[in-house]
Amino acid sequence: MTTSQNELKPPHSPTHDLTGQHVVVVGGKTGIGLGMALAAYAAGARVTVASRRTASIADHSELAPFEQLVLDISDEDAVRATFNAIGSLDHLLVAAGPTDGSWGAFMDEDMRGVRSYLNSKFLGSWACARYAAPNLSSNGSITFLTGGIAARSKIGMTAVTSTFAAVEALARSLALELGPIRVNAIRPGFIDTDLWNFLSPTDAADVREKVRANFPARRIGYPADVGHAAVFLMTNPYVTGTVLEVSGGETLVDWLF
Ligand SMILES: NC(=O)c1ccc[n+]([C@@H]2O[C@H](COP(=O)([O-])OP(=O)(O)OC[C@H]3O[C@@H](n4cnc5c(N)ncnc54)[C@H](OP(=O)(O)O)[C@@H]3O)[C@@H](O)[C@H]2O)c1
């Protein structure tokens, strides 16, 4: 084989195998984060999940294979202490996000909700990356989670749009600063999780029907769809600084939310 042929040959073929790797999913006990944790575990990883509450294994047997930690990402000291205790890891997934306090008109005089939302979602994602980075393996990765509204604003959702856009910018910037550690964001569309429990059962069914009717993929999204994307981002060694949309085409169409 000539030198130029050797240069064309990749050092290894990318796989979807995470055997022997340690994956930490912040916000991994429910919803999208749980979908990511289950996908990482199915790919062979040892998985640690962290969030504010401890889930009972008796009630949530799907969490049995994971180590569970208690962590509030809006508390920087707690984030530092948690990642010091975790020690070495290969991949960090930050799925945690407050799901309240972030709706309202821009002209509202009370900015407490916005501050609290930014503090949890943006600065919390920042702090997790900051204190995990020294312990991440050099061929490891960080993946943040945003949402379709980052790309398509809606009235009353300015805090969420701005925060998600900031998290996506953080991914690009950290890809530069932390390389060769790879840093990406996943931008999901509608995903059927407890986040939607604020709706009445009738309204929730109506939203699902609107999604099926209007999204180009003609289906609703599930946490496993995002988990699949997370495994891709953890295992492909040449993807960094990108936003991977897993939305069924949500940002191409108008719909209720
Ligand atoms: N579902 C969708 O359609 C959708 C679409 C686009 C974007 N998203 C975004 O995706 C993220 C996850 O949403 P989801 O649908 O999976 O909702 P979810 O099931 O309510 O998950 C949110 C998770 O974040 C954790 N969490 C919240 N605040 C935290 C904090 N301060 N520190 C640590 N953990 C915290 C929660 O656990 P604890 O309560 O135990 O802390 C929970 O496990 C959110 O940012 C959401 O805005 C969701």
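Basis of the calculations
Counting restarts for each chain, with residues numbered from 1 along the sequence as it is written. Under the rules for a predicted model, residues below a pLDDT of 70 receive no local features and side-chain atom pairs below 80 are neither given nor counted, while totals for whole chains, interfaces and linings still include all residues. Values reported for side chains reflect all heavy atoms of the structure, with hydrogen atoms and water molecules removed beforehand. In this text, helices come from DSSP runs of H or I with a minimum length of four residues, and strands from runs of E with a minimum of two, each type numbered from the N-terminal end. When a residue's accessible area, from a 1.4 Å probe over protein chains only, is under 20% of the maximum for its type it is buried; when over 50% it is exposed; and in between it is partly exposed. Here, two residues are considered to be in contact whenever any of their heavy atoms come within 4.5 Å of each other. Whenever a nitrogen or oxygen atom comes within 3.5 Å of another N or O atom, the pair is scored as a polar contact, on the condition that within protein one atom can donate a hydrogen and the other can accept it, and that pairs from neighbouring residues in sequence are kept only if both atoms are in side chains. Given the number of residues in a helix, its expected span is that number minus one, multiplied by 1.5 Å. The criterion for an aromatic pair is that two Phe, Tyr or Trp rings (for Trp, the six-membered ring) have centres within 6.5 Å, with stacked assigned to planes under 30 degrees apart, edge-to-face to planes over 60 apart and tilted to the rest.

S.K.: Explain unusual backbone geometry to me, and be specific about the residues and the numbers.
M.R.: Leave glycine aside and you will find that most residues have negative phi; peptide bonds, for their part, are mostly trans. Omega for the bond connecting G179 with P180 falls within 30 degrees of zero, at 15 degrees, which places this linkage in the cis form. Residue position: P180 is located in the loop between α5 (158–178) and β6 (182–188). With a phi close to 55 degrees, R218 is a non-glycine residue in the positive phi region.

S.K.: Go over the environment of K29 with me, naming the residues and quoting the values.
M.R.: Looking at the element boundaries, K29 is found in the loop between β1 (22–26) and α2 (31–42). The class of K29 is buried, set by a relative accessible area of 6%. Not counting residues up to four positions away in its chain, the partners in contact with K29 are L34, V49, A50, S51, R53, T54, A55, L63, Q68, L69 and V70. A distance of 3.4 Å separates a polar atom in the side chain of K29 from the backbone oxygen of S51. Separated by 2.8 Å, the side chain of K29 and the backbone oxygen of L69 make a polar contact.

S.K.: Tell me about α2, residues and numbers included.
M.R.: Given 3.6 residues per turn, any residue in an α-helix points the same way as the ones three and four places further on. Taking 1.5 Å per residue as the helical rise, α2 with its twelve residues ought to reach 16 Å, and the 17 Å between its terminal C-alpha atoms agrees with that figure. Every buried residue belonging to α2 is among I32, G33, L34, G35, M36, A37, A39 and A40, and all of these are buried. Taken together, the buried residues of α2 touch β1, β2 (46–51), β4 (89–94), β5 (136–145), β6 and α7 (223–235). Of the residues trailing α2, G44 is marked for its positive phi of about 110 degrees.

S.K.: Any chance you could break down the packing of aromatic side chains for me, citing the residues and the numbers?
M.R.: For the structure shown, the criterion picks out four aromatic pairs. Where Y41 meets F66, the ring centres are 5.9 Å apart and the plane angle is 80 degrees; that geometry is what we call edge-to-face. Placement of the pair is Y41 in helix α2 and F66 in the loop between β2 and β3 (67–70), with a sequence separation of 25 residues. Residues F122 and W126 carry aromatic rings whose centres are separated by 5.9 Å and whose planes lie at 70 degrees to one another, so their mutual orientation is edge-to-face. Note that F122 and W126 are positioned in helix α4 (residues 112–132) at a spacing of four residues, about one turn of the helix. A residue is classified by how much of its surface remains accessible, and F122, at 16% relative accessible area, is buried. Given the relative accessible area of 46%, W126 is considered partly exposed.

Limitation: the analysis is restricted to geometry and does not speak to function.
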